[in-house]
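Okay, here's what each chain looks like letter by letter:
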Number of protein chains: 2
Amino acid sequence: MSKEKKVEQITDMEQDFGQWFTDVVIRAELIAYSGAKGFFVLRPYGYAIWENMQAMLDRRFKELGHENVSMPLLIPESLLQMEKDHVDGFAPECAWVTFGGSEELEERLCIRPTSEVLFCDHWAQVVKSWRDLPKLYNQWCSVLRWEKSTRPFLRHREFLWQEGHTLHATAEEALEETEQMLEVYAELYEDYLAMPVIRGRKTEKEKFAGAERTYAVECMMHDKKALQAGTSHYFGDGFAKAFNIAFSDKNNVLTAPFETSWGLSTRSIGGIIMTHGDNNGLSLPPRIAPVQAVVIPIAAHKEGVLEKAGELTERLKAVGVRVKCDTSDQSPGWKFAENEMKGVPLRIEIGPKDIENNQCIAARRDTGDKLPISLSELEETVNKLLEDIQKDMFKRAKENLITNTRAAKSIDEAKDIMAKHGGFIETMWCGKLECEEKMKEDVGVSSRCIPFEQKNIGSTCAICSDTADTMVVWGVAY
Amino acid sequence: MSKEKKVEQITDMEQDFGQWFTDVVIRAELIAYSGAKGFFVLRPYGYAIWENMQAMLDRRFKELGHENVSMPLLIPESLLQMEKDHVDGFAPECAWVTFGGSEELEERLCIRPTSEVLFCDHWAQVVKSWRDLPKLYNQWCSVLRWEKSTRPFLRHREFLWQEGHTLHATAEEALEETEQMLEVYAELYEDYLAMPVIRGRKTEKEKFAGAERTYAVECMMHDKKALQAGTSHYFGDGFAKAFNIAFSDKNNVLTAPFETSWGLSTRSIGGIIMTHGDNNGLSLPPRIAPVQAVVIPIAAHKEGVLEKAGELTERLKAVGVRVKCDTSDQSPGWKFAENEMKGVPLRIEIGPKDIENNQCIAARRDTGDKLPISLSELEETVNKLLEDIQKDMFKRAKENLITNTRAAKSIDEAKDIMAKHGGFIETMWCGKLECEEKMKEDVGVSSRCIPFEQKNIGSTCAICSDTADTMVVWGVAY
């Protein structure tokens, strides 16, 4: 990473990681605070990152047969109460509408914290026969959760997300869907956001309110803390029964269908920042960057420079690079710092001398490396560089994850690792809640997930020494 | 239009237009009712129409330099009150959040009925210099208005829309933006939804709360009533001053900028239904139809039929036609009726005899016309047919508008026209509110707009006979 500090307005991450994060979020113009606590403005640059994620996910959802819908924003209190575990989980953080105009409502309505009950209520109306299944629905919207403490991207009272909700004739099909959609999330993170994930199942304690199983993808941030980056839930037929959803199967027998839901939010943008950012600001993986390359004319007043910069920009646009030419009246130094702050993956400088030498200078945001590019090979070289940056960013994040994940055989060893290194700890676990709680109390970590990819690290629970055949990953979570 | 009635579940429009509309909305699976009055589920087929509109508008907005953002859902009451005309217009129909979890809020928050004040509040924070202008923002979201009576698509308590909000250094630039965005709406309606519009300016009485000027596009429905189909507002610098938004201009003088907003909602889908639908259901213009053509195998059990149907489908997909093959186990007759109900513009039948003759049969949804297509010319013919359908649908709607728009020189003549024909009335108008109110009382019509395209139909107000140089279009509005 580039070592010299270019922008004075942000705190060093080594000094105060939390303040560094907030500084980047504000200075890179991703988010602004609003008049209501926990409600944020997603500014054009932040929203454009979200749109790029939306484009990828929406395409994949549709390829896999899903359809978009729009459910109501408000949920009558009686509807929310129909599934007991679910309401217990969500009611404490609901925002309640009690007045419409000047009229007090007979029944108060909550702003959706998630939409399971709305989908169920709808399906109870429209699902009658096996011909109506599966229902593979998705919704792009915002939801509200009345959190006590809030933080840009990581904990909003209102956040943007997608929530998929599906209904299936068999448990097998629903379980397959749950796993498939987790894999789509993993694909988004690894292939687009350059963030390696651990795919796994949540423990009983950590699963979603009302779910039989919750799967998650978990990432490690630059400060070695964990970010739960997307979840996929299998509900069995519990919700269907609570909401009287039933279909006649091919033998004309009335049967309860099986349900899933899965969601991914703008929290992922917080993950990008904390995975790839540095003390000069944001650093964006090319596949998700709103601007992949910025062309900066040097000595722009000299004859032919602006024209040449415009020409390079057009050539790159023509081959599909998201490029802009910074022709503002600021100095090149200011432009360098500003585009670094905003995490533009590639900077292309072009000045009179470069023109003479039929070249331009490319500077990588991720490494700070500068190299000349022959103008005759501009398109190929830039595309190649963007691919290299994408791969290298993933590789560095993966190294961070591997280096900072350590196996522990006992609770003392786990304590020792956390004190010395932080990061993730792998242990065997017997499955008991009390051992999970003891890890939290004694070591300060929670179970992140039971990875699909289990390693052979022992046969006894690191906490109670009982026989154990499950490996858990533990960490301090955002 | 096809005359014989195919589906029994919908009321004839001649018998009860309102019931016909509701029947189509429900039977074509565009919308479902939800547990909360005035809140609707936009089902996949309805949402897919909206997505096609979004794609066109979003592309145009971006081509014209706009950026998407996301503003908070909730507005503190004190913020809503900062612009007097605006709060007077909207406060009576706000939904109020008074509790977060179990805690009563110190200040109640309203769910946005529109977001002018949120944009202003944000701009007051971030706009400082002429370099920060213009701000060309758009938001895709839902808004809430606590309407007393509600109706699918036409009057929801919650509806999906886009709201553009822009801020400019000069009044001229803001006015240009206001007009430009109205023209984008006109383009959507005329070129995509096959709905001719009247572009015009709203009277003082009918303009948006807080605006200096409101422009609108107005359409005529099949029952000759008017639908306000999109609006674009010019605010002058009133909001900027109320919210203390100011920028240093190039001479370093602190100046209030000028603002616009413009919005278009899912109401437009109601417009499509009431413009093009018939007694067999929905009829969709090809450019906006989620499915442009449906291939239906005839005698699907016969050898080679299903394969051929699949082959035609793939050939059409390959040239960009949104096509599906209906291979369900229903009868062809059922499929015909169902796809007509859903307004699929073109049906393609293929059976053993057709295969023998190297042809298929195309049936137009709009006219009911059937014609054979040589399989060697499938792609060109289908694309040509879809274009023809699009043009013909626009032409018929335009004829409806022209035929049912009549000039009146006096209030008696206007009454007579409304009694005999309904539709739109053009009159000269002096500009006085009392004349506008008299038209409402005596004739039952409201001013739809002052068309940009004025006609020479006289020089005195049809109501009071004073001198008048403005032509107004009047009608009964949804």
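In this text the structure is predicted, and so the values were computed from the model without any measurement. (Residues numbered from 1 in each chain as written. Chains lettered and ligands numbered in written order. Predicted model: local features only at pLDDT ≥ 70, side-chain atom pairs only at ≥ 80, totals over all residues. Heavy atoms only, no water.)

### Observations concerning the overall build of chain A
So, point 1. A count of helical and extended segments in chain A gives 14 helices and 23 strands.
So, point 2. Computed over its C-alpha atoms, the radius of gyration of chain A comes to 25 Å, within 12% of the 23 Å expected for a compact globule of 478 residues.
So, point 3. Here the C-alpha coordinates of chain A stretch approximately 80 × 55 × 50 Å along the principal axes.
So, point 4. By residue count, 60% of the 478 residues in chain A fall in the buried class.
So, point 5. In chain A, once contacts between residues fewer than 6 apart in sequence are set aside, the share between residues at least 24 apart is 69%.
So, point 6. With the model as given, the accessible surface of chain A reaches about 18800 Å², and the carbon-plus-sulfur share is 47%.
So, point 7. Of the side-chain charges in chain A, 59 are positive and 76 negative, and the distance between the mean point of each set is 3 Å. (Helix = DSSP H or I, 4+ residues; strand = E, 2+ residues; numbered from the N terminus. Rg over C-alpha atoms; globule rule 2.2 N^0.38 Å. Buried < 20%, exposed > 50% of the residue type's maximum accessible area, 1.4 Å probe, protein only. Contact = heavy atoms within 4.5 Å. Areas by Shrake-Rupley, 256 points an atom, 1.4 Å probe, with all protein chains shown as cover. Lys, Arg positive; Asp, Glu negative; His and termini not counted. Charge placed at Lys NZ, Arg CZ, Asp CG, Glu CD.)

### Re the relation of the copies chain A and chain B
So, point 1. If you rotate chain A by 180° and push it 0.0 Å along the axis, it lands on chain B with an RMSD of 0.0 Å. Within this description, the copies of the chain are treated as partners about a two-fold rotation axis. Measuring from the rotation axis to each C-alpha of chain A, the shortest distance belongs to Val97 of chain A, at 2.1 Å.
So, point 2. The share of interface residues of chain A whose copies in chain B are also at the interface is 100%, consistent with both copies meeting through the same surface. (Least-squares fit on C-alpha atoms with pLDDT ≥ 70 in both.)

### Section: the sheet that holds strand β15 (residues 293–297) of chain A
Residues and elements named next belong to chain A.
So, point 1. Taken in spatial order, the five strands line up as β16-β15-β17-β18-β19 in an open sheet, and their pairing is mixed. Both edges of this open sheet fall to β16 (323–325) and β19 (370–374), since each of them pairs with a single strand only. Neighbour-to-neighbour, the strand axes of this sheet turn through a mean angle of 25°, independent of strand direction.
So, point 2. Taken strand by strand, helix α9 (residues 305–318) contacts β15, β16, β17 (346–350) and β18 (359–364), and its axis lies near 170° from that of β16. (Pairing = 2+ DSSP bridges. Axes fitted to C-alpha atoms, helices over the stretch in contact; angles between N-to-C directions.)

### Here's the deal with the sheet that holds strand β3 (residues 67–68) of chain B
Residue and element names in this part refer to chain B.
So, point 1. Here eleven strands make up an open sheet; going across it, the order is β3-β7-β8-β14-β11-β10-β9-β22-β23-β21-β20 and the pairing mixed. What marks the edges here is a single partner per strand, and that holds for β3 and β20 (405–407).
So, point 2. Bridging between strand β7 (residues 135–144) and strand β8 (residues 158–168) involves ten bridges; their strand directions are antiparallel. Within β8, the position partnered with Trp140 by the bridge is Gln162.

### Re the pattern of salt bridges
So, point 1. Applying the stated criterion to the full structure yields 68 salt bridges over all chains.
So, point 2. With a shortest N-O distance of 3.5 Å, Glu206 of chain A and Lys205 of chain A are connected by a salt bridge.
So, point 3. Take Lys205 of chain A: its relative accessible area is 41%, and that puts it in the partly exposed class.
So, point 4. Here Glu311 of chain B makes a salt bridge to Lys308 of chain B, at a shortest N to O gap of 3.5 Å. With Glu311 of chain B and Lys308 of chain B both in helix α9 (residues 305–318) and three residues apart, this pair spans about one turn of that helix. (Salt bridge = Lys/Arg side-chain N within 4 Å of Asp/Glu carboxyl O.)

### Focus: helix α10 (residues 332–341) of chain B
All names here are of chain B.
So, point 1. Most of α10 is tucked away, with seven of its ten residues classed as buried.
So, point 2. Among the residues making up α10, those that are buried are Lys335, Phe336, Ala337, Glu338, Asn339, Glu340 and Met341.
So, point 3. Of the surrounding elements, those touching the buried residues of α10 are α1 (17–27), β15 (293–297), β16 (323–325) and β17 (346–350).
So, point 4. Looking one or two residues past α10, Gly343 carries a phi angle of roughly 75°, positive in sign.

### Looking at the interface of chain A and chain B
Often, the extent of an interface is quoted as the loss of accessible area on bringing the components together.
So, point 1. Taken together, the contacts link 52 residues of chain A with 53 residues of chain B.
So, point 2. When chain A packs against chain B, the two sides together hide about 4100 Å² of surface, and 56% of this comes from carbon and sulfur.
So, point 3. Its largest share of buried area at the contact with chain B, chain A owes to Pro44, Ser70 and Trp146 of chain A, together 13% of the area lost on that side.
So, point 4. On the surface where chain A and chain B come into contact, there are four salt bridges.
So, point 5. In this structure, Glu51 of chain B engages Lys62 of chain A in a salt bridge whose closest nitrogen and oxygen atoms are separated by 2.9 Å.
So, point 6. The interface formed by chain A and chain B contains 19 residue pairs in polar contact (both at pLDDT 80 or more). (Buried area = accessible area lost by both parts, 1.4 Å probe. Polar contact = N/O pair within 3.5 Å; in protein donor to acceptor, adjacent residues only side chain to side chain.)

### Section: the side chain of His66 of chain B
Residues and elements named next belong to chain B.
So, point 1. For His66, the location among the structural elements is in the loop between α2 (44–63) and β3.
So, point 2. Taking relative accessible area as the criterion, His66 reaches 4% and is therefore assigned buried.
So, point 3. A polar atom in the side chain of His66 sits 2.7 Å from the side chain of Glu177.

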